Every structure is written in structure tokens, then in C-alpha cells.
Amino acid sequence: MQNTYQIINIQQRPSKLHKGFFWLITFQDIQSGELLETYADPNMKNFGNWEEIIEHADSGIIVSGLKTVQRAGKTIVSADSKVTVEVVCNRLDMDRMLAQWRDDNSPYNKLFS
């Protein structure tokens, strides 16, 4: 499951560039726990890459295909990424399944079993 991320937060925020808004999407690498963000703006051509994710904002979502870029010394997800939605399900169920998966795949399991 390399380059697979859980979406942990989607927030609508007012835009400083125009009178509308944009979406701040926060991802967590399901293996490393690394947090990344991207900005999806409905006024941009690449917004179609993010519409399905935004439509399921209240669900548990696993995605792949994210590309990262450096902006102002920070690593972010490129809004031009060709993101693939791998799983959409109940958020609480996903959190439980991922917690169990992490426990089962922990290198420390062998120490305590």
C-alpha cells in the first residue's frame, strides 16, 4: 500500500484570491503517518481532480496517486495530482480498520507476542 493516504479533514475556507472559497484537504499516509495538504479551488481547471473527494467529505476515504511539490519550503500535494479514490466507506469503520491494520503490521508486535 505505498503512496496510499487517508483523507482526515476537508475544510471549506474563504479565498483571498477571489470572492469565493477553496477547500483545504488534509491527508495522512496510512503507513508513515505523514500529514500533507492540498488546496482545491473550484475556479481552477484541476478542480475536477477533487470533486469526488469533496462530495464524500463526511465519509472515510482512501486515495492514491498523490504527487508532492515544494512550495515556500513546505511539502504539499500538487492540486494537479491525478488522484484515485481507492475506498469510500463509513468514517468510523475506516478508522477502526486502519487502527487494527496498523496494530497487526506493527514491528513491535513480535516483541510482545
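Not measured: the values here are computed from a predicted model.

**Observations concerning the sheet that holds strand 3 (residues 35-40)**
If you trace the five strands from one edge of the open sheet to the other, you get 3-2-1-4-7, paired in antiparallel fashion. Of all the strands in the sheet, just strand 3 and strand 7 (84-89) have a single pairing partner and so form its edges. Looking at each pair of strands side by side, their axes are set apart by 35° on average, direction ignored. Here five bridges tie strand 4 (residues 60-64) to strand 7, and the two strands are oriented antiparallel to one another. If you follow Ile-61 over to strand 7, its bridge partner there is Val-88. On top of the sheet, helix 2 (residues 91-104) reaches strand 1 (4-14), strand 2 (21-29), strand 4 and strand 7; it is set at about 140° to strand 1, its chief contact.

**Quick look at the packing of aromatic side chains**
Taken as a whole, this structure holds four aromatic pairs when the rule is applied. For the ring pair Tyr-5 and Phe-27, a centre distance of 6.5 Å and an interplane angle of 75° mean the geometry is edge-to-face. With Tyr-5 in strand 1 and Phe-27 in strand 2, this residue pair connects regions lying 22 residues apart in the sequence. Classification of Tyr-5 by relative accessible area gives buried; the value is 5%.

Reading the values: rules and limits
- For every chain, the first residue of its written sequence is number 1, and the numbers climb from 1 along that sequence.
- Only residues with pLDDT of 70 or above have their local features reported here, since the model is predicted, and side-chain atom pairs are shown and tallied only from 80 upward, although totals for entire chains, interfaces and linings are computed over all residues.
- Side-chain numbers here rest on the full set of heavy atoms in the structure, without hydrogens or water.
- Note on pairing: two strands pair once DSSP finds at least 2 bridges between them.
- Secondary structure follows DSSP: runs of H or I at least 4 residues long count as helices, runs of E at least 2 residues long count as strands, and numbering of each begins at the N terminus.
- Helix axes use the C-alpha atoms of the stretch in contact, all axes being lines fitted to C-alpha atoms, and the angles between their N-to-C directions lie in the range 0 to 180 degrees.
- Every residue pair with non-hydrogen atoms within 4.5 Å of one another is taken to be in contact.
- Only the six-membered ring of Trp is used, alongside the rings of Phe and Tyr, when aromatic pairs are assigned; centres must lie within 6.5 Å, and planes under 30 degrees apart are stacked while those over 60 apart are edge-to-face, with the rest tilted.
- Burial classes follow relative accessibility: with a 1.4 Å probe on protein chains only, a residue under 20% of its type's maximum area counts as buried, one over 50% as exposed, and anything between as partly exposed.

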